[in-house]
Amino acid sequence: MESFHQLINGFAVALSWKGLLYCFIGCLWGTIVGVLPGLGPLAGMTLLLPLTFGLDPTIGIIMLTGIFYGAMYGGSTTSILVRIPGEAASVVTCIDGYEMAKQGRAGPALMIAAVGSFIGGSFSLLGLMFIAPPLAKLMIAIGPSVEVVLILLSLGVIAVVSPGSRIKTATMITLGLLVGTIGLDNITAVPRFTFGNPNLSGGLSFAALAIGLFGLSEILLNLENSQTIKAITPKLKDLVPRWKDIRDSSPAIARGSIIGFIFGIIPGVSHVVSTFVSYAVEKRFSKNPEEFGKGAIAGVAGPETANNAVTGTAMIPLLALGIPSIPATAILLSALTIHGVQPGPLLMTTRPEVFWGLVASMYIGNVILLVLNLPLVGLFVNLLRIPYNWLVPIIVIISIIGVYSVNSSVTDIWIMMISGCVGYVLRKFAYEMAPLLLALVLGDRLEGSFRLSLTMSGGDYATFVDRSAIIVLGSVLGLLLTIQASAWIFGYRKSLADEAEGA
Amino acid sequence: MSESSNEPGRAGRLPLVVGARGGGICVAAILAAVGALFAWQASLLDLGHVGLPGPGFFPLVLAIVVTALAIIIGVEHWRAPAGGEKVALFHRDVLIVMAASLAVPLVFSALGALLALGLFAVAILVIVGRVPLLLAIVAAAAFVATCWIMFEVLLGLQLPVGPF
């Protein structure tokens, strides 16, 4: 009852003219950055972060969160109609979404993606409302040794679900962890790999790296294919899905909601991974797995639901514990801190209007996005008709100003530009950037928890296997890695055998 | 390596076409060198011991793993048959955008943010976008003015002003 009472108060904040206006601005901007290749939620939130400085903290957070889940919606539009993922979480949607569009079924794909996103987003909000308090207590009780196992599990899952070469993915994960060690050591404050440059003491700017590796490299890659963008624009009447589409996508939406919910709540695991996992699960559960990659609607419904289900639950560790679980919530943490609001267990009692205002605004935002995305799909697709070469300076300039505004540092611009060029070359040779960035976010915590666990246990490695929960998690990780290693060894030996046969 | 099969479009006048095998070996070698550099630097830090690792322990282990994985990738590429897939790198427009992007931080403080970004926009619009110079200048000026109003006037962001 208490929750409902608080939620009503939250709606009073979210339904004020300011709340509605900035929620709409956030959703609209989020959809635009989701649609445009090279800009994603991270860049979108970073760019508008300065705009929140003059606002009430609740309103500022409502707008930034709107960008976050708006980008999830927007990303699906271009994935389905153009086969260009507007942002990283929509990569998986390209596979079957675009195939459906080519078969003249773009409308149902968009409709199912939007409805799935709405259901996933709303489901995760229920979790945020009702499960956050007890789960927060449980998470608080978790020690650093469990966190080490959880993070390793997350990285193991990434290695399994990421597309392309597993060994290249493993290299990117390790490289991300390594790059994350640049800066002052968290425990001893010893500078590492800073080469005497004080600008590197705090480590490499995450926003600069993220925008460079994802955004700038994407722009460079798109420049090579700037003439190949051909959007398929469905008519409004074509949006209605068939009964078979609803039947096939309903279980996928249900599973996607749960997967997104779980991945959103595990610290450090991004919305990107939840989409890969959801796709893999749908393929496994499907009676016709051979249809995946050829226009299976479950391959659109599951990942799109999952990436929106992440948005609500990703807020749980941020708002209840003060720990950002994914990069986007790290930006929200920065914004809250700037406004003097400390996220954590006391937030719900000291600043209830922030927590419940945000929850209420997310319900409203989901409705705004549903209304905004379906009828205006043609308008958003038209953004892609602007010659890409004209958009390049606009996107790069906004990114530069956004990156500079975080720390007022030219070094961050250098990091963004260099990482963009490096990302371009690596992506040309099929190295994935998402595992690198995820590992970068997790690396600091992995090392900190690892060393803290050993310090607490007096150097006893048994601390990582002394609880049943850890054993279960470790077993899952071990199983995943064994499967992965077997697949790799088998594939490698098979290729050697084939080669020997050929000789 | 899906990009490797893409036909270069209008932007593809000067692509550097390399074999996936040779290019893959080069990239792996660079990654291995980066790993080795990190390993060397990490070895100069306090490593502690296995039970109680110091600040150099974690990066040293990671750097060794990166180097080892990169060597494995390099060997895999080396074992691949020669004359296979090709990878088109650095199309004309890509090179121009890269060069212009890297020039921005060089002059960002010296010229001032708005002038540096304005010049960047003009260069990209003229050379990459094939927009007439006058139109490019007008468009860049309009966009930079919009940025100034939005970020400096409305948001109060302090951008470097340069000598002006």
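None of these values were measured; they are calculated from a predicted model.

Draft legend 1. View of the interface of chain A and chain B. In this assembly, 68 residues from chain A lie in contact with 70 residues from chain B. Interface area, chain A with chain B, both sides summed: about 6,100 Å², of which 79% is carbon and sulfur. Summed over the three residues of chain A that lose the most area to chain B, namely Ile 401, Lys 428 and Phe 429 of chain A, the buried surface amounts to 11% of that side. Across the chain A-chain B interface, the total number found is zero salt bridges.

Draft legend 2. Empty space enclosed by the protein, seen in detail. Residues and elements named next belong to chain A. Taken as a whole and assessed by the stated rule, the structure comprises four cavities of 30 Å³ or more. One number sums up the size of the largest cavity: a volume of about 70 Å³. Contributing to the lining of the largest cavity are Tyr 73, Ser 76, Thr 77, Leu 110, Ala 113, Ala 114, Asn 373, Leu 374 and Val 377. At the level of elements, α4 (57-81) and α6 (106-130) are the ones that each hand at least two residues to the lining of the largest cavity. A per-class count over the lining of the largest cavity returns six nonpolar, three polar and no charged.

Draft legend 3. Representation of the confidence of the model for chain A within the structure. All names here are of chain A. Per-residue confidence for chain A averages 76 on the pLDDT scale, and 78% of its residues sit at or above 70. For chain A, per-element mean pLDDT is lowest for helix α22 (residues 468-502), which scores 54, and highest for helix α9 (residues 166-179), which scores 90. Contacts for the low-pLDDT stretch residues 490-503, under 50 throughout, to residues beyond four places or in other chains number four contacts.

Draft legend 4. Expanded view of the packing of α4 of chain A against helix α13 (residues 298-313) of chain A. Residue and element names in this part refer to chain A. The interhelical angle for the contact between α4 and α13, taken along N-to-C directions, is 165 degrees, at an axis separation of 8 Å. In terms of orientation, α4 and α13 fall into the roughly antiparallel class. Where α4 crosses over α13, the handedness of that crossing is right-handed. Side by side, α4 and α13 meet where Phe 68, Tyr 69, Met 72, Tyr 73, Ser 76 and Ile 80 of the first sit next to Val 300, Glu 304, Asn 307, Asn 308 and Thr 311 of the second. For the contact of α4 with α13, the residue count by class is six nonpolar, four polar and one charged.

Draft legend 5. Just the environment of Ile 397 of chain A, in detail. Note on placement: Ile 397 of chain A falls in helix α19 (residues 388-407). Counting along the chain gives 231 residues from Ile 397 of chain A to Arg 166 of chain A, while the straight-line C-alpha distance between them is 35 Å. Residues in contact with Ile 397 of chain A, not counting those within four places in the same chain, are Leu 117, Phe 120, Ala 121, Phe 143 and Cys 147 of chain B.

Draft legend 6. Structural detail: α6 of chain A. Helix length check: α6 of chain A, at 25 residues, gives a terminal C-alpha distance of 36 Å against a target of 36 Å (1.5 Å per residue), a fit within 8%. In terms of residue burial, α6 of chain A counts as a mostly covered element, since 18 of its 25 residues are buried.

Draft legend 7. Region of interest: the domain arrangement of chain B. Its domain assignment divides chain B into domain 1 (1-90) and domain 2 (92-164). Relative placement of domain 1 of chain B and domain 2 of chain B: their C-alpha centres are 34 Å apart.

Draft legend 8. Spotlight on the confidence of the model for chain B. Residues and elements named next belong to chain B. Counting all residues, the mean pLDDT for chain B is 83, and 91% of those residues have values of 70 or more. Element-level pLDDT for chain B is lowest in strand β1 (residues 16-19), with a mean of 79, against a maximum mean of 91 in helix α2 (residues 57-79). For this predicted complex, the interface confidence score (ipTM) comes to 0.86, while the overall pTM stands at 0.73.

Draft legend 9. Local environment of the packing of helix α5 (residues 91-102) of chain A against α13 of chain A. Residue and element names in this part refer to chain A. Where α5 meets α13, the axes come as close as 8 Å, and the angle between the chain directions of the two elements is 145 degrees. For the element pair α5 and α13, the recorded crossing hand is left-handed. Along the contact surface, α5 presents Val 92, Thr 93, Asp 96, Gly 97 and Met 100, while α13 presents Gly 299, Val 300, Pro 303 and Glu 304.

Draft legend 10. Quick peek at α5 of chain A. Residue and element names in this part refer to chain A. With 12 residues, α5 should reach 16 Å at 1.5 Å per residue; the first-to-last C-alpha distance of 17 Å fits that figure. Among all positions in α5, only Val 92, Thr 93, Cys 94, Asp 96, Gly 97, Tyr 98, Met 100 and Ala 101 are buried. Positive backbone phi, at 80 degrees, marks Gly 104, one or two positions downstream of α5.

Draft legend 11. Examining the nonpolar core more closely. Met 315, Ile 400 and Tyr 431 of chain A together with Phe 108 of chain B are the most contacted members of the largest nonpolar core, which totals 153 residues. What Ile 400 of chain A contacts, discounting residues up to four positions off in sequence, is Ile 413, Met 416 and Met 417 of chain A together with Val 104, Phe 108 and Leu 117 of chain B. Ala 109, Ala 252, Phe 292 and Ala 301 of chain A belong to the second largest nonpolar core, which has 22 residues in total.

Procedures and definitions
- Residues numbered from 1 in each chain as written.
- Chains lettered and ligands numbered in written order.
- Predicted model: local features only at pLDDT ≥ 70, side-chain atom pairs only at ≥ 80, totals over all residues.
- Heavy atoms only, no water.
- Contact = heavy atoms within 4.5 Å.
- Buried area = accessible area lost by both parts, 1.4 Å probe.
- Salt bridge = Lys/Arg side-chain N within 4 Å of Asp/Glu carboxyl O.
- 1 Å grid on protein atoms, 1.4 Å probe; cavity = no way out; pocket = protein on both sides within 12 Å on 5 of 7 lines; lining within 4 Å.
- Points joined across faces, edges and corners; volume = space filled by probe spheres on them.
- Helix = DSSP H or I, 4+ residues; strand = E, 2+ residues; numbered from the N terminus.
- Nonpolar A, V, L, I, M, F, W, Y, C, P; charged D, E, K, R; others polar.
- pLDDT = per-residue confidence, 0-100.
- Axes fitted to C-alpha atoms, helices over the stretch in contact; angles between N-to-C directions.
- Parallel < 35°, antiparallel > 145°, perpendicular 65-115°, else oblique.
- Left-handed = near helix turned anticlockwise from the far one by under 90°.
- Expected span 1.5 Å × (residues − 1).
- Buried < 20%, exposed > 50% of the residue type's maximum accessible area, 1.4 Å probe, protein only.
- Domains from an automatic or database assignment.
- Core = buried A, V, L, I, M, F, W, Y, C linked by side-chain atoms within 4.5 Å.

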